[in-house]
Structures are given as C-alpha cells and as structure tokens.
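# Observations on chain architecture
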Amino acid sequence: MQTHSELFFDTHVHLDQLPAGLDPATEVALAQRQGIHRFLLPGVEPQHWQRLLELATTLSGCLAAPGVHPLAAESWNEDTANRLLSLLDNPQVVAVGEIGLDGYLAQPTAEIQEQALRDQLRLARQTGLPVLLHCRKATGRLLEILHQEQAADCGGIWHAFSGSLETAQAATQLNFAIAFGGPLTWPGARRGPEVLKKLSAEWIVLESDAPDLAPHPHRGETNRPAYLGLVAERVAALRGWSMEETARITTANACRVLGLK
Ligand SMILES: [Zn+2]
C-alpha cells in the first residue's frame, strides 16, 4: 500500500489547455491511478485564470499558480496586477506562474517581458508565495534579475530546465528547485541527464508540462498527465533510486519549495 509521501506530484501541467477530446477530470483520474496525486496548474494569460481556478477548485489534488507567461507580457498592466493580487489569497492558489523570459520570442520585447517578470516577482515576495519560472535563451539575464529582485525570499520551481549544472546550482542557491520532464527521457538527451545525476537530491522535482513535451515513446504526441510515470522511471534509473524513493524525494521537495504540507 502506498503512503501519502510515496505519491507523485506533477508540478507543471496545463489542464486548462488540453486539446479537445481530452477531458481534464478524466486525465486527472487516469494519472491518479498511476500514483500521481497532486497537480500544479500554471497560468499563461489573464483570460484563462478563471478556468484555472475552476479546475483547481473542482478537481481533486489540483492547485493553481496564476500569472502572466512572457509570451503574454503585453497583457501586464496595473489592472492585471490588481486582478492577480486578488486571486492570491484563494486557498487553491499556492504560487505565481509561470513567469520569466523567453529569448526565442521577438515579441513581446525583452523590456516588456522583464517588466512583467520583475513586477510579478515583487508581488510574490509581497504575498509570500513562490513562483514558477519559464526561461528560454535568457538564462544569464534571468539569474541577474532573480538576484536583483531578491527572489531567494520566495524561491519556487524552475520549469522545463534546459541549462547547465552551474546554472542549476545557481538557481538552487536562490531556493529554486529544478523540474525535470519529458525531455529527460528523449533518446540522445545528454545535458538533462547529466544535471539530474549531479544535482543535490533535495532540489529535484517532476513535471509533465502536458499537453507539451511528451516523454519517450510519445514524443511529438499530445502529452498527458499519466505519462509523468515515464519521467519518474527515468529519474529513478539515472539516480539509482526505487520508484518509491523517487516519489518520496521529489514530492517532499515540491511540497517544501511550494510551502505545502
Ligand atoms: Zn508551462
């Protein structure tokens, strides 16, 4: 029989963005049958926050992290900030996310992305909530902003991490856990497995990022929350942990950085 601490925690799953034909309640139930019992639902754009909160309130094991993704940074303004602030006392809201920098996007500009990031980091610190980070091709700049904004006070999770071991360690010094997902399982993956093997165990967490980044052998298909087990198996193999240890360690880490019991 599994105890609570031996269940998996999916720290990043876009249940509000599953394609037509995949029902969030059914997907959660399927994942729960595989031992995945907690789900953190990140925000992307303000117009989806309502749906995010509805899902987190009605589906068992689900929590929400509303926020403005860098791709939607143009929607960040005083009204949006006030709306976000008003959601943060909801008991189902445990983080602000996903926020960060995306260097692959020409628009919104870096300046607009940075302003939304800084303001949301301040809001997180002010309300005592951790944050979920998204970063592509802007690692050095993100670390610089995290230092400037004293983000170690809130910490959180660096989602879809694809950087070096040095960057991962710099992030953990700022109280950010590193989330490993589907890309870890892809044949030919090199840097992710190396980082996972060398990173201190207390900073490793799991994420599906469904419906994106499906693990092997589903790469390129719609990712589903139940596939998190494939990521967990890879983590277990690379670290030499049993599945029970993998669940216990990664779930305890997620709960610690998110301030959950
Ligand atoms: Zn995401």
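Structural data are supplied above this passage.
Computed from a prediction, not measured in an experiment: that's the story for all the values here.

Scanning the protein chain for helices and strands turns up nine helices and eight strands. Against the 2.2 N^0.38 benchmark of 18 Å for 261 residues, the protein chain shows a C-alpha radius of gyration of 17 Å, consistent with a compact globule. With the principal axes as the frame, the protein chain shows a C-alpha extent of 50 × 40 × 35 Å. Expressed as a percentage of its 261 residues, the buried residues of the protein chain come to 56%. Put simply, of all contacts in the protein chain between residues at least 6 apart along the chain, 72% involve residues at least 24 apart. Accessible surface, the protein chain as shown: approximately 11200 Å² in total, 49% of it carbon and sulfur. Of the charged side chains in the protein chain, 21 are positive and 29 negative, and the gap between their average positions amounts to 6 Å.

This part takes up the packing of aromatic side chains. Across all of its chains, the model carries one aromatic pair by this definition. Here Trp-158 and Phe-161 contribute two aromatic rings whose centre-to-centre distance is 5.4 Å and whose plane-to-plane angle is 80°, an arrangement assigned as edge-to-face. Stacked on the ring of Trp-186, the Lys or Arg Arg-219 has its end atom at 3.6 Å from the ring centre. The side chain of Arg-256 reaches across the aromatic face of Trp-203, ending 4.9 Å from its centre.

Strand order in this open sheet of three strands is β1-β2-β3, and the pairing throughout is parallel. The open sheet is flanked by β1 (8-10) and β3 (62-65), the only strands paired with a single partner. When the angles between neighbouring strand axes are averaged without regard to direction, this sheet yields 20°. Sheet analysis places β1 next to strand β2 (residues 36-42), joined by three bridges and oriented parallel. Note that in β2 the partner of Asp-10 across the bridge is Phe-39. Where helix α1 (residues 24-33) meets the sheet, its contacts fall on β2 and β3, and the angle it forms with β2 comes to roughly 140°. Helix-sheet contacts for helix α8 (residues 228-239) involve β1 and β2, and the interaxial angle to β1 is about 120°.

It is the contact of helix α4 (residues 110-127) with helix α5 (residues 139-148), at a shortest axis distance of 10 Å, that shows an interaxial angle of 35°. Helix-helix and strand crossings are classified by hand; for α4 and α5 the assignment is right-handed. Between α4 and α5, the contacting residues are Glu-114, Leu-117, Arg-118 and Leu-121 on the first element and Arg-141, Leu-142, Ile-145, Leu-146 and Gln-148 on the second. When the residues that make up the contact of α4 with α5 are grouped by side-chain class, the tally is five nonpolar, one polar and three charged.

What counts, and where the lines are drawn
Residues numbered from 1 in each chain as written. Predicted model: local features only at pLDDT ≥ 70, side-chain atom pairs only at ≥ 80, totals over all residues. Heavy atoms only, no water. Helix = DSSP H or I, 4+ residues; strand = E, 2+ residues; numbered from the N terminus. Rg over C-alpha atoms; globule rule 2.2 N^0.38 Å. Buried < 20%, exposed > 50% of the residue type's maximum accessible area, 1.4 Å probe, protein only. Contact = heavy atoms within 4.5 Å. Areas by Shrake-Rupley, 256 points an atom, 1.4 Å probe, with all protein chains shown as cover. Lys, Arg positive; Asp, Glu negative; His and termini not counted. Charge placed at Lys NZ, Arg CZ, Asp CG, Glu CD. Phe/Tyr/Trp six-rings, centres within 6.5 Å; stacked < 30°, edge-to-face > 60°. Lys NZ or Arg CZ within 6 Å of the ring centre and 35° of its normal. Pairing = 2+ DSSP bridges. Axes fitted to C-alpha atoms, helices over the stretch in contact; angles between N-to-C directions. Left-handed = near helix turned anticlockwise from the far one by under 90°. Nonpolar A, V, L, I, M, F, W, Y, C, P; charged D, E, K, R; others polar.

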